[in-house]
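# Structural characterization, general
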Amino acid sequence: MCWRKIEIIVDGEYLQIKSGILCLKRLRIRLSDITCVITTRTALDFICGSTTISFFTKAGEVRAWRRTRIYAKDEKEIVSRLGFLPRGFKKTIPFLQILPLALSVPSITAGAVFAIPTLRKIDQLIAQEETTIEKIGSIGRKFFGLSPLANIAIMLFLIIYIVSIVAFVVRQIKRSNIFGTKTTTLMFGILPQTKVFVCKNSINGKFAKQTPLLYLLKRVYVVADIMGVDRKRSGGIYYSPLVAEKELPQVANVQTAGIGTRITKNSERASLWGRGERWRYFTAPFYFICAITILSLSFWLLFPKLTDVIMLLVLAVSTTAFYSLYLSEYSYRYATLDLSEGRAIYTKGKNIINADFFADRVGVIKITTFPYDRKNNTCSINLILRSQNGEKIKLKYVSYHEMQEQMKKARVK
């Protein structure tokens, strides 16, 4: 009933929303406080000729009218009256630039959530003597020739990975960006089809990220952190899906220091610390590798018939462990933070990240000192920008005295 009676009024400097028939609700927002507008069209919206619209302010999403459904024909007029009408240079992103990002960014968990229930549903619909999992194992035996359990594990991983890639491509394909003087518009996806209208002044910062695959291709992708916008709710604002390292300053106005830097024997760390401090960065990966070695030998002795499965697990985990060693070396040499300039180079998960942010948009600065830090006068720092589930800048083993000086300078500015 609420959808049948809704009014969106742009009057002077305010946006007013009225809805309801029996129970009336009203909302009034100052236009200057609106940071982002997101519209989404699903398959049902295309059939009904509607679209869902969400408003975001500096304080976060307007939850009372979250995903408000309006007629699709009214979308352009509402966006225009709010001052977000896309005007400026339009850049279409080809599919070949989306594909490398799809191979490296998608979550395996998201693919499993969709793939595993689908396989179970197929078993229920097709009543046969051989289950779908057994069929997958027999197909894997033709290609890999390992034990049945190992074949099933490999095939399930490939199916889940492919499903996650397809889901990412469907959400991000047909992408085009419109860069105006005051606003930026990002349009992407087939089902759902999404449009993100962003006020440039509301962008807290841009984060150039590099996954292992993109590291080999010498490419990066840029994610924008927007004031008041939940990046998980919006699916991540890919400001530039795929950019060459040397083109990064021109495309996204992000500095290239640290991005594309390859570790060599002659590389020097951008810090005053000596070489004797390196071990602290390798402590966690070293013990992780030791634990992998002990556990793999124990399982091999206890379950000799599962040698193939154990070897596959050891190979996967060892690859992750040795890549974490590389990231630790990278952090030791190049990780840095400059609060006054709003720049940071750090590693997070599997990514090498170069952050270019506004220092006054930092909402929380969390400094933690462990016993080892207190002994060496260092600390771990965690910066959280002013957005819902925003990007977090985390660095370890930062000089505590140097960080205090940077915080004083940032306050003066």
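In what follows, the structure referred to is the one given above.
Heads up: these notes are all about the structure in this document.

Here is what the cut-offs are and how they apply
Residues numbered from 1 in each chain as written. Predicted model: local features only at pLDDT ≥ 70, side-chain atom pairs only at ≥ 80, totals over all residues. Heavy atoms only, no water. Core = buried A, V, L, I, M, F, W, Y, C linked by side-chain atoms within 4.5 Å. Buried < 20%, exposed > 50% of the residue type's maximum accessible area, 1.4 Å probe, protein only. Helix = DSSP H or I, 4+ residues; strand = E, 2+ residues; numbered from the N terminus. Contact = heavy atoms within 4.5 Å. Pairing = 2+ DSSP bridges. Axes fitted to C-alpha atoms, helices over the stretch in contact; angles between N-to-C directions. Left-handed = near helix turned anticlockwise from the far one by under 90°.

## What to know about the nonpolar core
In this structure, Leu 337, Tyr 346, Phe 357, Leu 383, Ile 393 and Leu 395 are the most contacted members of the largest nonpolar core, which totals 19 residues. Those elements giving two or more residues to this core turn out to be strand 16 (343-348), strand 17 (351-357), strand 19 (378-385), strand 20 (392-399) and helix 13 (400-412). Ranked by residue count, the leading element in this core is strand 19, at 4 residues. Sequence-distant contacts of Leu 383, defined by excluding residues within four places in its chain, comprise Leu 337, Leu 339, Phe 357, Val 362, Val 364, Ile 365, Glu 391, Lys 392 and Ile 393.

## A closer look at the sheet that holds strand 2 (residues 14-19)
Pairing within the open sheet is antiparallel, and its 3 strands lie in the order 1-2-3. A strand with exactly one partner marks an edge of an open sheet, and here the two such strands are strand 1 (6-11) and strand 3 (25-30). Adjacent strand axes in the sheet meet at a mean angle of 15°, parallel and antiparallel pairs treated alike. Relative to strand 2, strand 1 runs antiparallel, the two being bridged by 6 bridges. Residue pairing in the sheet places Ile 9 in a bridge with Gln 16 of strand 2.

## A closer look at the packing of helix 6 (residues 148-172) against helix 11 (residues 307-334)
At a minimum axis distance of 7 Å, the contact between helix 6 and helix 11 shows a crossing angle of 35°. Handedness of the crossing formed by helix 6 with helix 11: right-handed. Contact residues: Leu 149, Ala 150 and Ile 154 in helix 6; Asp 308, Val 309 and Leu 312 in helix 11.

## Structural notes on the environment of Ser 240
Note that Ser 240 resides in strand 14 (residues 238-244). Residue Ser 240 is classed as buried on the basis of its relative accessible area, which comes to 5%. Along the chain, Ser 240 and Tyr 221 lie 19 residues apart, while their C-alpha atoms are 5.8 Å from each other.

## Here's the deal with the sheet that holds strand 20
In any sheet, the strands associate via hydrogen bonds between backbone groups, in a parallel or an antiparallel arrangement. In space, the 3 strands of this open sheet follow the order 18-19-20, with antiparallel pairing throughout. Single-partner strands in this sheet number two, and they are strand 18 (362-368) and strand 20. Along the sheet, successive strands turn relative to each other by an average axial angle of 20°, direction set aside.

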